[in-house]
Amino acid sequence: MKNRSKFTAIFSHPEMGAVLPIVVMVVIIGVVNPNFFSARNLVDVLRATSYSFIIAAPLTCLFISGGSDLSVSAVTNLGGIVCGWAMASLGLPIPLAILVTLAVGAVCGLIKAGIVVKLSLPPFIMTLGLQYVINGLVLVSTNGLPITGFSDSFKVLGQGRLLGVYWTIILAVIEGIFIHIMLTRTKFGRQICAVGGNQETAKLAGIDVNKTRAIVNVLVSVLAAFCGICMASRFNSAQTTVATGTEMTIMSSVIIGGTSMMGGSGTIIGSLLGCLLLAVINNGLVLMHVSSFWQNLIFGAILIISIIIDKYRREKSGSGL
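Here the structure is a predicted model, which means the values were calculated and not measured.

## A few points about the overall build of the protein
Next, step 1: Assigned secondary structure in the protein consists of 14 helices and two strands.
Next, step 2: Projected onto the principal axes, the alpha-carbon positions of the protein cover approximately 70 × 55 × 35 Å.
Next, step 3: A burial count over the protein gives 49% of its 321 residues as buried.
Next, step 4: Relative to all contacts within the protein whose residues are 6 or more apart in sequence, the contacts with residues 24 or more apart total 77%.
Next, step 5: For the protein, the exposed surface amounts to about 15,300 Å²; the carbon and sulfur share of it is 69%.
Next, step 6: Averaging the locations of the 20 positively and 10 negatively charged side chains of the protein gives two centres separated by 7 Å.

In structure tokens:
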């Protein structure tokens, strides 16, 4: 009985949906190819994790509030294009170009909030439509061609390092700490959880539900645009489809990390682990010389298992065990 209680206590942690697969994958990959544990490879894994986490962290807040967003990849594409255009065509200095891009991201978030929150329309379908609109605008405005010709100073953001650590990793850590503190230590964080838990109860408690959801939507789009800037800096070109197709994997990372699809609960640490799992899988497949076609199968299986673990955890939590 005691062993059963320990087992239940272990699975009561929402992050377990990511921790167990990470441990299994690391062991398997390490046995097949010990080069996985080389310092250079581990840095590459963390670098890949940072890009996903920049979006996954605010997306966690959105999920907790009861929302979802399929337009994040499109806003990421737009962010890189806008920043590249501002520098290459308008000749704006790097800081101003970044501010303009973040402002465009905020506008995308406001439009999204206006459609989903104010009109009370289904976020999943509406953000899918918004994704097509934004990607269409990106392709039409650029004729599908990347924007190049950036200065060496701009490349520092995506390629530069501080004490051997990529700036994107450092920025992702800072962002994660900030959002974690916001979510767990501030009034606004408690409001996000309350809105996702029960909107009617949140309204009775005096919380402006629409305002809370709108702010979180804007936060997601601003940081998605920032991720686009980082990608443009990394590749030294603003590519029109650089993030296309990543929305589902990032959303899956958040879910695998223990954030409930029904809203009300989730952790930034869990989402970080989910992103790390994705990076480990991608990296491991390459090192083990496994076809990339297996990636979706493996990741889908892990996602299903994580949802089952989440259901088990919720049932046990509800029963008071």
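## A short note on the packing of helix α12 (residues 247–256) against helix α13 (residues 268–287)
Next, step 1: The interhelical angle for the contact between α12 and α13, taken along N-to-C directions, is 125 degrees, at an axis separation of 7 Å. Between α12 and α13, the crossing angle belongs to the class labelled oblique. Between α12 and α13 lies a crossing of right-handed hand. Seen from α12, the contacting residues are Thr249, Ser253, Val254 and Ile256; seen from α13, they are Gly270, Ser271, Gly274, Cys275, Leu277 and Leu278.
Next, step 2: When the residues that make up the contact of α12 with α13 are grouped by side-chain class, the tally is five nonpolar, five polar and no charged.

Reading the values: rules and limits
Residues numbered from 1 in each chain as written. Predicted model: local features only at pLDDT ≥ 70, side-chain atom pairs only at ≥ 80, totals over all residues. Heavy atoms only, no water. Helix = DSSP H or I, 4+ residues; strand = E, 2+ residues; numbered from the N terminus. Buried < 20%, exposed > 50% of the residue type's maximum accessible area, 1.4 Å probe, protein only. Contact = heavy atoms within 4.5 Å. Areas by Shrake-Rupley, 256 points an atom, 1.4 Å probe, with all protein chains shown as cover. Lys, Arg positive; Asp, Glu negative; His and termini not counted. Charge placed at Lys NZ, Arg CZ, Asp CG, Glu CD. Axes fitted to C-alpha atoms, helices over the stretch in contact; angles between N-to-C directions. Parallel < 35°, antiparallel > 145°, perpendicular 65-115°, else oblique. Left-handed = near helix turned anticlockwise from the far one by under 90°. Nonpolar A, V, L, I, M, F, W, Y, C, P; charged D, E, K, R; others polar.

Read these as spatial facts, not as claims about activity.
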